[in-house]
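Listed here are the chains, written in short residue letters.
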Number of protein chains: 2
Amino acid sequence: MTQPRVMKDRHLVEETLSTQEILRGNFLHAVRDQVKLPDGSTASREYIIHPGAVMIVPLLLDESGQWQVVLERQFRYPVGQVMIEFPAGKRDSDEDLLVCAQRELREETGYVATEWARAGVLHPVISYSTEYIDIWFARGLTAGERQLDAGEFLDVFTATPEQLLLWCRDGLVTDAKTLTAALWLQNVHSGAWPLDWISIPPSAPFAEVVTVPHESS
Amino acid sequence: MTQPRVMKDRHLVEETLSTQEILRGNFLHAVRDQVKLPDGSTASREYIIHPGAVMIVPLLLDESGQWQVVLERQFRYPVGQVMIEFPAGKRDSDEDLLVCAQRELREETGYVATEWARAGVLHPVISYSTEYIDIWFARGLTAGERQLDAGEFLDVFTATPEQLLLWCRDGLVTDAKTLTAALWLQNVHSGAWPLDWISIPPSAPFAEVVTVPHESS
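Presented here is a report on the structure given in the accompanying data block. (Residues numbered from 1 in each chain as written. Chains lettered and ligands numbered in written order. Predicted model: local features only at pLDDT ≥ 70, side-chain atom pairs only at ≥ 80, totals over all residues. Heavy atoms only, no water.)

## Comments concerning the overall build of chain A
Here is step 1 of the chain: Broken down by element type, chain A carries four helices and twelve strands.
Here is step 2 of the chain: The proportion of buried residues among the 217 residues of chain A is 54%.
Here is step 3 of the chain: Counting only contacts in chain A whose residues sit at least 6 apart along the sequence, the fraction spanning at least 24 positions is 57%.
Here is step 4 of the chain: Carbon and sulfur atoms make up 50% of the accessible area of chain A, which totals about 9,500 Å². (Helix = DSSP H or I, 4+ residues; strand = E, 2+ residues; numbered from the N terminus. Buried < 20%, exposed > 50% of the residue type's maximum accessible area, 1.4 Å probe, protein only. Contact = heavy atoms within 4.5 Å. Areas by Shrake-Rupley, 256 points an atom, 1.4 Å probe, with all protein chains shown as cover.)

## Thoughts on the packing of helix H3 (residues 161-169) of chain A against helix H4 (residues 176-189) of chain A
Helices that pack against each other are described as a pair by the angle of their axes relative to one another and the distance between those axes.
All names here are of chain A.
Here is step 1 of the chain: Viewed as axis vectors pointing N to C, H3 and H4 meet at an angle of 140°, and their least axial separation amounts to 10 Å. By the criterion of interaxial angle, the relationship of H3 to H4 is oblique. Between H3 and H4 the crossing geometry is left-handed. Across from Pro161, Glu162, Leu164, Leu165 and Cys168 in H3, the residues of H4 making contact are Leu179, Ala182, Leu185, Gln186 and His189.
Here is step 2 of the chain: Its residues placed into classes, the contact of H3 with H4 shows seven nonpolar, two polar and one charged. (Axes fitted to C-alpha atoms, helices over the stretch in contact; angles between N-to-C directions. Parallel < 35°, antiparallel > 145°, perpendicular 65-115°, else oblique. Left-handed = near helix turned anticlockwise from the far one by under 90°. Nonpolar A, V, L, I, M, F, W, Y, C, P; charged D, E, K, R; others polar.)

## Focus: the sheet that holds strand E2 (residues 29-36) of chain A
Residues and elements named next belong to chain A.
Here is step 1 of the chain: With antiparallel pairing, the three strands of this open sheet are ordered in space as E1-E2-E3. Edge strands, defined here as strands with exactly one partner in the open sheet, are strand E1 (15-24) and strand E3 (42-48). Within this sheet the neighbouring strands show an average axis-to-axis angle of 20°, counted without direction.
Here is step 2 of the chain: Direction of pairing for E1 relative to E2: antiparallel, over a ladder of eight bridges. Along E2, the bridge assignment pairs Ser18 with Gln34. (Pairing = 2+ DSSP bridges.)

## Remarks on the interface of chain A and chain B
Here is step 1 of the chain: Of the residues lining the interface, 68 residues belong to chain A; the matching set on chain B comes to 68 residues.
Here is step 2 of the chain: For the pair chain A and chain B, the summed buried area comes to about 6,200 Å², and 62% of that belongs to carbon and sulfur atoms.
Here is step 3 of the chain: It is A:Tyr77, A:Ile126 and A:Tyr128 in chain A that bury the most area against chain B; as a group they hold 14% of the surface buried on that side.
Here is step 4 of the chain: At the junction of chain A and chain B, the tally comes to two salt bridges.
Here is step 5 of the chain: Of the charged contacts, one joins A:Asp9 and B:Arg73 as a salt bridge, the two residues approaching to 2.9 Å between their closest N and O atoms.
Here is step 6 of the chain: Considering each element in turn, the side of chain A that touches chain B owes the most residues, nine residues, to H4(A).
Here is step 7 of the chain: Per-class residue counts for the side of chain A that touches chain B are 35 nonpolar, 16 polar and 17 charged. (Buried area = accessible area lost by both parts, 1.4 Å probe. Salt bridge = Lys/Arg side-chain N within 4 Å of Asp/Glu carboxyl O.)

## A few points about the sheet that holds strand E1 (residues 15-24) of chain B
Whenever strands of a sheet pair, they do so through backbone hydrogen bonds, lying parallel or antiparallel.
All names here are of chain B.
Here is step 1 of the chain: Spatially, three strands are ordered E1-E2-E3 in an open sheet, and the strand pairing comes out antiparallel. Each edge of the sheet is formed by a strand with only one pairing partner; in this case those strands are E1 and strand E3 (42-48). For this sheet, the mean angle separating the axes of adjacent strands, direction not counted, is 20°.
Here is step 2 of the chain: For strand E2 (residues 29-36) and E3, the ladder comprises seven bridges, and the chain directions are antiparallel. Residue pairing across strands places Gln34 opposite Ser44, the latter belonging to E3.

## Observations concerning the relation of the copies chain A and chain B
Here is step 1 of the chain: Of the transformation superimposing chain A on chain B, the axial component is 0.0 Å and the angular component is 180°, with the fit at an RMSD of 0.0 Å. What we have between these two chains is a two-fold relation.
Here is step 2 of the chain: The overlap is high: 100% of the interface residues of chain A also sit at the interface in chain B, so the same surface is used on both sides. (Least-squares fit on C-alpha atoms with pLDDT ≥ 70 in both.)

## Here we look at unusual backbone geometry
Residues and elements named next belong to chain A.
Here is step 1 of the chain: For Ser93, which is not a glycine, the phi torsion comes out positive at approximately 35°.
Here is step 2 of the chain: Residue position: Ser93 is located in the loop between strand E7 (88-90) and helix H2 (97-109).
Here is step 3 of the chain: With relative accessibility at 62%, the residue Ser93 sits in the exposed group.

## Remarks on H3(A)
Here is step 1 of the chain: Inspection of H3(A) places A:Pro161, A:Leu164, A:Leu165, A:Trp167 and A:Cys168 among the buried residues, and these make up the whole buried set. One face of H3(A) carries all of its buried residues, which in axial projection span an arc of 160°.
Here is step 2 of the chain: Where H3(A) is buried, its residues meet strand E5 (67-76), strand E6 (81-85), strand E10 (154-159) and H4 of chain A together with helix H4 (176-190) of chain B. (Arc of directions from axis to C-beta.)

## Describing the packing of aromatic side chains
The geometry of an aromatic ring pair is captured by the separation of the ring centres together with the interplanar angle, meaning the angle of the planes.
Residues and elements named next belong to chain A.
Here is step 1 of the chain: Taken as a whole and assessed by the stated rule, the structure comprises eight aromatic pairs over all chains.
Here is step 2 of the chain: Geometrically, the ring pair formed by Phe157 and Trp167 is tilted, given 6.1 Å between the ring centres and 50° between the ring planes. Here Phe157 is found in strand E10, whereas its partner Trp167 is found in helix H3, with ten residues between them in sequence.
Here is step 3 of the chain: Given the relative accessible area of 21%, Phe157 is considered partly exposed. (Phe/Tyr/Trp six-rings, centres within 6.5 Å; stacked < 30°, edge-to-face > 60°.)

## Describing the nonpolar core
Here is step 1 of the chain: Ranked by internal contacts, the top residues of the largest apolar core, which has 64 residues, are A:Phe137, A:Leu164, B:Phe137 and B:Leu164.
Here is step 2 of the chain: Look past the residues within four positions of B:Phe137 in its chain and what remains in contact with it is B:Val57, B:Leu59, B:Glu115, B:Trp116, B:Ala117, B:Ala119, B:Trp184, B:Leu185, B:Val188, B:Leu195 and B:Trp197. (Core = buried A, V, L, I, M, F, W, Y, C linked by side-chain atoms within 4.5 Å.)

## Focus: the side chain of B:Gln68
Residue and element names in this part refer to chain B.
Here is step 1 of the chain: Structurally, Gln68 is set in strand E5 (residues 67-76).
Here is step 2 of the chain: For Gln68, a relative accessible area of 14% translates into the label buried.
Here is step 3 of the chain: Of note is the side chain of Gln68, whose polar atom sits 3.1 Å from the side chain of Asp62.
Here is step 4 of the chain: A distance of 3.4 Å separates a polar atom in the side chain of Gln68 from the backbone nitrogen of Ala159. (Polar contact = N/O pair within 3.5 Å; in protein donor to acceptor, adjacent residues only side chain to side chain.)

## Section: the pattern of salt bridges
All names here are of chain B.
Here is step 1 of the chain: Under the criterion given, the structure shown has 30 salt bridges over all chains.
Here is step 2 of the chain: Of the charged contacts, one joins Glu85 and Arg76 as a salt bridge, the two residues approaching to 2.8 Å between their closest N and O atoms. Here the two residues Glu85 and Arg76 agree in accessibility, since each one is buried.

The structure is reproduced here in structure tokens:
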């Protein structure tokens, strides 16, 4: 790009005129903004304010030397179904995203990982939420005790990447973050999308990270 | 599965006790339900009520015999960015999903397609919305005039599947529905996930559909 993005996209960008809170629930927080459209007219935009989240793709090497992924089955009330998902959770205010990923993996599955790699980010619902989900891979897993939140009920299980991809194809996995993780997993697994792994010794404080040379899992 | 799902998942499923509307905005509609958790305790669940949507992956054969996909660039106010996306849109009340896909493709891009294939469905945000997005592929495209809604501003452009996948890897595509479409595209393109195409002659009413033998695009 030779032009600043803001110039190039002037025919698309909307500007905030005012903001008003329209919902402060126990869980949901929504606002309505008045905005100026690219043609100078005005419109309102209603959306959920979200602190952001992380998702973890935990890779486990089984006894036969085959990679498995750690997954969860959880009832999701808004869609009325038990969903197959990768572990994920909301960020605590300004929590570091890797610390959040480590915490959520440990709380929901009990696993602690010695190697981490950030894959990317996804936006689940760009038309009505500020939410983003940071995508992390984890390996070098050691099992431990999980610590579920009060009122949290979920099963933890493992599957091969190939099995997960068949479930995506056949409609048994329909959660968008998990489908996005499957895209990453397929391309990391094939070597097409290499990851940069960070080593975190189990007993080390978070600051002592070591960068591992560029490679795929 | 030998047991009915509801028996197997009793340790996960939540039951509705009551429902209360908490937001009736111009665009967002939210409710708060009191629910009974698997252990018998109660909790509240707040979520957005959504009519459902469709996404279209339009395949265009260019002059050199190379497949291209038709994409959009659109400013998405909640995330404050111009996003690269496949065409998509909300269902009009109980509109047939294929009719909705045909309408959204024509309105947003101007293209009319003679062949359609349903790939699957995704749930963008299972923790706080009922939304689902039905995923359709379209080919046999003829360009025409687009008919954007008032206040809708977006660019239409084409890219190869390979280019789209690089943008997913490099973080230029972060919209979850488009990342999910990229997973489908990669596997349809490789032949791993074949689609069942339906033929719809350009002038035929919707009812006259013809099933095309199983094949990949």
